[in-house]
Amino acid sequence: MNSKTLCTVAIASIVSLCLINRTALAASSPSLELGPAKAGQPLVMKFKSLDGRDVDVNKLQGKVVLIDFWATWCGPCRAELPNVKAAYEKLHPKGFEIVGVSFDKSKDSLQKFIEKEKMPWPQYFDGLFWDNKIGKKYGIEGIPTMWLVDKKGNLRNMEARGDLAAKVEKLLAE
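As the structure is a prediction and not an experimental result, all values here were calculated from the model.

1. Structural notes on the pattern of salt bridges
Evaluation of the coordinates by the stated rule reveals 13 salt bridges. The shortest N-O distance in the salt bridge between Asp 150 and Arg 156 comes to 3.0 Å. Residues joined in a network through salt bridges with shared partners are Glu 33, Lys 46 and Asp 56.

2. Re the sheet that holds strand β4 (residues 64-70)
In a beta sheet, neighbouring strands are held together by backbone hydrogen bonds and run either parallel or antiparallel to one another. The strand order β6-β5-β4-β7-β8 describes an open sheet built from five strands, whose pairing is mixed. Each edge of the open sheet is held by one strand with a lone partner, namely β6 (123-124) and β8 (155-157). Judged from the seven bridges that link them, β4 and strand β5 (residues 96-102) form a sheet pairing that is parallel. Pairing of Trp 70 across the sheet is with Ser 102, part of β5.

3. Considering the side chain of Asn 132
Mapped onto the fold, Asn 132 is located in the loop between β6 and α4 (133-137). Within the structure, Asn 132 has its side chain in polar contact with the backbone oxygen of Ser 102 (distance 2.8 Å). The residues contacting Asn 132, other than those within four sequence positions of it, are Val 101, Ser 102, Phe 103, Tyr 124 and Asp 126.

4. Remarks on the environment of Cys 74
When you line up the elements, Cys 74 lands in the loop between β4 and α2 (75-91). Its relative accessible area of 5% is what places Cys 74 among the buried residues. Separated by 70 residues in the primary sequence, Cys 74 and Pro 144 have C-alpha atoms spaced 7.8 Å apart. With sequence-adjacent residues up to four places away left out, Cys 74 is seen in contact with Ile 143 and Pro 144.

5. Some points on the nonpolar core
Of all hydrophobic cores here, the largest spans 46 residues; its most connected members are Ile 67, Phe 69, Phe 96 and Leu 148. Within the residue set of this core, elements represented by two or more residues are β2 (45-48), β4, α2, β5, α3 (107-117), β7 (145-149) and α5 (164-173). Aside from chain neighbours lying at most four places away, what touches Ile 67 is Leu 43, Met 45, Val 57, Val 99, Val 101, Thr 145, Met 146, Trp 147 and Val 149.

6. Details of the pairing of β7
On a regular strand, one side chain projects to one face of the sheet and the next to the other, so that they alternate. Within β7, five of the five residues are buried, which leaves the element mostly enclosed by the surrounding structure. By the alternation rule, side chains of β7 split into Thr 145, Trp 147 and Val 149 and Met 146 and Leu 148, which are all buried. Where β4 lies against β7, five bridges are found, and the strand directions are antiparallel. Looking at β7, one finds that Val 65 is bridged to Val 149. Linking two consecutive strands that pair antiparallel, namely β7 and β8, is a turn of five residues; a positive phi of about 90° is found at Gly 153 within it.

7. Examining the sheet that holds strand β1 (residues 33-34)
As summarised here, the arrangement of the three strands in space is β1-β2-β3, forming an open sheet in which the pairing is antiparallel. Of all the strands in the sheet, the pair left with one neighbour each is β1 and β3 (54-56).

8. Let's talk about unusual backbone geometry
Between Ile 143 and the following residue, Pro 144, the backbone shows a cis peptide bond with an omega angle of 5°. Tracing the backbone through its elements, the reader meets Pro 144 in the loop between α4 and β7. Backbone geometry at Lys 118 places phi at a positive 55°, although glycine is not the residue there. With respect to the helices and strands, the residue Lys 118 is situated in the loop between α3 and β6. With relative accessibility at 66%, the residue Lys 118 sits in the exposed group. Positive phi, close to 55°, is recorded for Phe 129, a residue that is not glycine.

What counts and what doesn't
- Residues numbered from 1 in each chain as written.
- Predicted model: local features only at pLDDT ≥ 70, side-chain atom pairs only at ≥ 80, totals over all residues.
- Heavy atoms only, no water.
- Salt bridge = Lys/Arg side-chain N within 4 Å of Asp/Glu carboxyl O.
- Pairing = 2+ DSSP bridges.
- Helix = DSSP H or I, 4+ residues; strand = E, 2+ residues; numbered from the N terminus.
- Polar contact = N/O pair within 3.5 Å; in protein donor to acceptor, adjacent residues only side chain to side chain.
- Contact = heavy atoms within 4.5 Å.
- Buried < 20%, exposed > 50% of the residue type's maximum accessible area, 1.4 Å probe, protein only.
- Core = buried A, V, L, I, M, F, W, Y, C linked by side-chain atoms within 4.5 Å.

Below, the structure is given as structure tokens:
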């Protein structure tokens, strides 16, 4: 084989590998769409939830949305759950929604926990633990982390933990 043929074969191989990797990546999360996260700006977050629902935060305009980054194995997350559930029960009828982003590894454990705790809101799950795709995109380094999105779809609070119900009520009143 001459050098021109070798270069052609090498380039063809590299292109093939790139296409295979790109296809595999697309297949691994075909419904995941994430935009930048900047306070005061619209938050683009779309995915298929653990229970098969299509989640699109942008389509929740008119409601206040909590983005809850958490895991079943996280003690502080579990300690925060009663506050999250109480806020949901009180304010859901007024337009409050929750979207969970789970850092769990086990789908089965997550599903059992959600059922036991009666958590009706959608959950993102990819089983990647700290390499969770949404968590990586948004630089989440500790959980629980809670964000609030206002009725216009803008990310308003990236530290919503603590006195959650009052923060949600304030945004609902706007």
